[in-house]
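Structural characterization, general
These are the residues of each chain, in order.
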Amino acid sequence: MRRVFLSVVLFCVIALPLSCVPRNYSRTEFALGTVVQVTFFANRVDSDEVFKKLFSVADKYERMFSSKRSFGEIYKINSSGGSVKLDGEIYELLRHSDYYYKLTKGAFDYTLYNLISLWDLEHLKASPLSGAIDEALVHSGRDKVKFDKSFIRLTDGVKLDFGAIAKGFILQKLSDTLKDLGIHDFMVNAGGDVILSGLYQRKREWNIAIKDPFGEKEFAGYITLTDATIVTSGDYERYFVDETTGKRYHHILSGESGYPAESGVSSVTVISSDPVRADAMATALFVMGADSGLKLVNGITDVDAIFIKQDGSIATSARISQESRGGRLFFIRK
Ligand code: AMP
Ligand code: MG
């Protein structure tokens, strides 16, 4: 009897704590047009089920929000030429997009599809002709988009593109999905746009490296944080080089000039508790540049930004401090 009792005690002492040690689960797949890496810490789950669910959610929204693929809702709206009934989630995306258009005075512009498809970076060898750019700009602008909760109508040939905000929206959905499954300590990294929750190994906040936009160093710096999304928009992500002039053209466009934004910035990293806000603002701040971008950021809540300028200097919003110790460290003052 004593021996049984001792065995039970021994079992409890050894096995119970072991079962409480969180396991590290990780999977990387191609999704959302990029490499998506999911890492989480949990005490025994059917990780295959979790990953299957997660990547099916990513796939669902990617299809829904695509402006290029014929099965997408946005594609349908763009090719409609009349009133189209709005799905609830498309309405949400539109509502957020319209808000950021207004907040950034059009630096974030979801009505630029005509211009974006003209700047077909995969196939162009030189800048499009200025006449074609002017023509695309005539058919853009939020004054040509009428929508309410139920319907949308596009006028004057305007078309929509949500490439600068959809990933943020989808990161929110992936985070919601993980939390619904009882997982709270995780990171989802969609091609460098990262949502974080809880603690790494349930012990400490997450360390996130910020890429060196010039490709010279391994990274430009890093920041330690949690329960936040960190998104970077940079001119090094997608571009082509004109073979004759050697000029480089990247994928973030100015709705004013019709050309890739030239704001003196190479990358903008944005941190927010709201992934939609982080994604939309990173693109907008890239277009605005450091001076007017920082004025905006320092006057609103829940956005912090790190600008890496083309001359290599760094400018940060008021709540972020920097320290150089070998690699650069960034802190958010709480
Ligand atoms: P991101 O990588 O989040 O900065 O988004 C860039 C993508 O958003 C581009 O590939 C375009 O599809 C789209 N885009 C480009 N310029 C703008 C802009 N000024 N406002 C909103 N979306 C844009
Ligand atoms: Mg963006």
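Here, every reference points to the structure presented above.
About the thresholds
Residues numbered from 1 in each chain as written. Chains lettered and ligands numbered in written order. Predicted model: local features only at pLDDT ≥ 70, side-chain atom pairs only at ≥ 80, totals over all residues. Heavy atoms only, no water. Helix = DSSP H or I, 4+ residues; strand = E, 2+ residues; numbered from the N terminus. Buried < 20%, exposed > 50% of the residue type's maximum accessible area, 1.4 Å probe, protein only. Contact = heavy atoms within 4.5 Å. Areas by Shrake-Rupley, 256 points an atom, 1.4 Å probe, with all protein chains shown as cover. Lys, Arg positive; Asp, Glu negative; His and termini not counted. Charge placed at Lys NZ, Arg CZ, Asp CG, Glu CD. Near = heavy atom within 4 Å. Polar contact = N/O pair within 3.5 Å; in protein donor to acceptor, adjacent residues only side chain to side chain. Axes fitted to C-alpha atoms, helices over the stretch in contact; angles between N-to-C directions. Parallel < 35°, antiparallel > 145°, perpendicular 65-115°, else oblique. Left-handed = near helix turned anticlockwise from the far one by under 90°. Nonpolar A, V, L, I, M, F, W, Y, C, P; charged D, E, K, R; others polar. Pairing = 2+ DSSP bridges. Donors = N, O, S within 2.8 Å, 3.2 Å for Na, K, Ca; no water. Phe/Tyr/Trp six-rings, centres within 6.5 Å; stacked < 30°, edge-to-face > 60°. Lys NZ or Arg CZ within 6 Å of the ring centre and 35° of its normal.

Remarks on the overall build of the protein
Helix and strand content of the protein: 9 helices and 17 strands. Across its three principal axes, the protein shows a C-alpha extent of roughly 90 × 50 × 40 Å. For the protein, the proportion of its 334 residues judged to be buried stands at 48%. A separation threshold of at least 6 residues defines the contact pool for the protein, and within that pool the share at least 24 residues apart is 57%. Surface accessibility of the protein: about 16,900 Å² in total, with carbon and sulfur atoms responsible for 52%. Positive and negative charge centroids in the protein, built from 42 and 42 side chains respectively, lie 6 Å apart.

Examining the site of ligand 1
As a matter of local geometry, ligand 1 sits amid 16 residues, with Asp 109, Asp 161, Ser 233, Leu 253 and Thr 283 nearest to it. Note that an oxygen atom of ligand 1 is positioned 2.7 Å from one of the side-chain N or O atoms of Ser 233. The side chain of Asp 279 places a nitrogen or oxygen atom 3.1 Å from an oxygen atom of ligand 1. Contact with the protein chains hides 92% of the accessible area of ligand 1, taken as 510 Å² for the molecule alone.

Things to note about the packing of helix H2 (residues 47-65) against helix H7 (residues 166-180)
Where H2 contacts H7, the two axes come as close as 10 Å, and the packing angle between them is 150°. By the angle between their axes, H2 is roughly antiparallel relative to H7. Crossing of H2 against H7: the hand is right-handed. Contacts between H2 and H7 involve Val 50, Lys 53, Leu 54, Val 57, Ala 58, Tyr 61, Glu 62 and Phe 65 on the former and, on the latter, Ala 166, Phe 169, Ile 170, Lys 173, Leu 174, Thr 177 and Leu 178. Considering only residue class, the contact of H2 with H7 consists of 11 nonpolar, 1 polar and 3 charged.

Some points on the pairing of strand S2 (residues 34-42)
In terms of residue burial, S2 counts as a mostly covered element, since 7 of its 9 residues are buried. Between the antiparallel neighbours strand S1 (residues 23-31) and S2 lie 2 residues, among them Leu 32 with a positive phi of about 50°. With 6 bridges connecting them, S2 and strand S6 (residues 185-190) associate as antiparallel partners. Looking at S6, one finds that Gln 37 is bridged to Asn 189.

Topic: the coordination of the magnesium ion (ligand 2)
On the protein side, the magnesium ion (ligand 2) has Ala 164 (O), Asp 279 (O), Asp 279 (OD) and Thr 283 (OG1) as donor atoms, found 2.1 to 2.4 Å from it. In primary-sequence terms, the residues that donate to the magnesium ion (ligand 2) follow A-x114-D-x3-T. You can see Asp 279 and its partner Thr 283 sitting in helix H8 (residues 275-288), 4 residues apart, about one turn around the helix. No difference in accessibility class separates Asp 279 from Thr 283, as the two residues are buried.

What to know about the sheet that holds strand S3 (residues 83-85)
The sheet built from 3 strands is open, its strands ordered S3-S5-S4 with antiparallel pairing. The open sheet is flanked by S3 and strand S4 (145-147), the only strands paired with a single partner. Going from strand to strand, the sheet's axes swing by 20° on average, the running direction of each strand aside. As paired strands, S4 and strand S5 (residues 151-154) are joined by 3 bridges and run antiparallel to one another. Bridge assignment links Lys 146 to a residue of S5, and that residue is Arg 153.

Thoughts on the packing of aromatic side chains
Taken as a whole and judged by the stated rule, the model has 16 aromatic pairs. Here a set of aromatic residues connected by ring pairs shows up, and it is made of Trp 119, Phe 240, Tyr 249 and Tyr 259. The ring of Phe 151 is capped by Lys 85, whose NZ or CZ atom sits 6.0 Å from the centre of that ring. Directly above the aromatic system of Tyr 239 lies the positively charged group of Arg 248, at a separation of 4.2 Å from the ring centroid.

Details of the packing of helix H4 (residues 88-103) against H8
H8 packs onto H4 with a crossing angle of 45° between their chain directions and a minimal axis gap of 11 Å. Compared by their axis directions, H4 and H8 come out oblique. You can see that H4 and H8 cross each other, and the crossing is right-handed. Along the contact surface, H4 presents His 96, Tyr 99, Tyr 100 and Leu 103, while H8 presents Val 276, Arg 277, Ala 280 and Met 281. Residue composition of the contact of H4 with H8, by class: 6 nonpolar, 1 polar and 1 charged.

Looking at unusual backbone geometry
Backbone geometry places Asp 227, a non-glycine residue, at a positive phi of 45°. Accessibility expressed as a relative area gives 49% for Asp 227, which makes it partly exposed. We note that Asp 302 has phi near 60°; this positive angle belongs to a residue other than glycine. Along the chain, the position of Asp 302 falls in the loop between helix H9 (290-298) and strand S14 (304-309). Take Asp 302: its relative accessible area is 33%, and that puts it in the partly exposed class.

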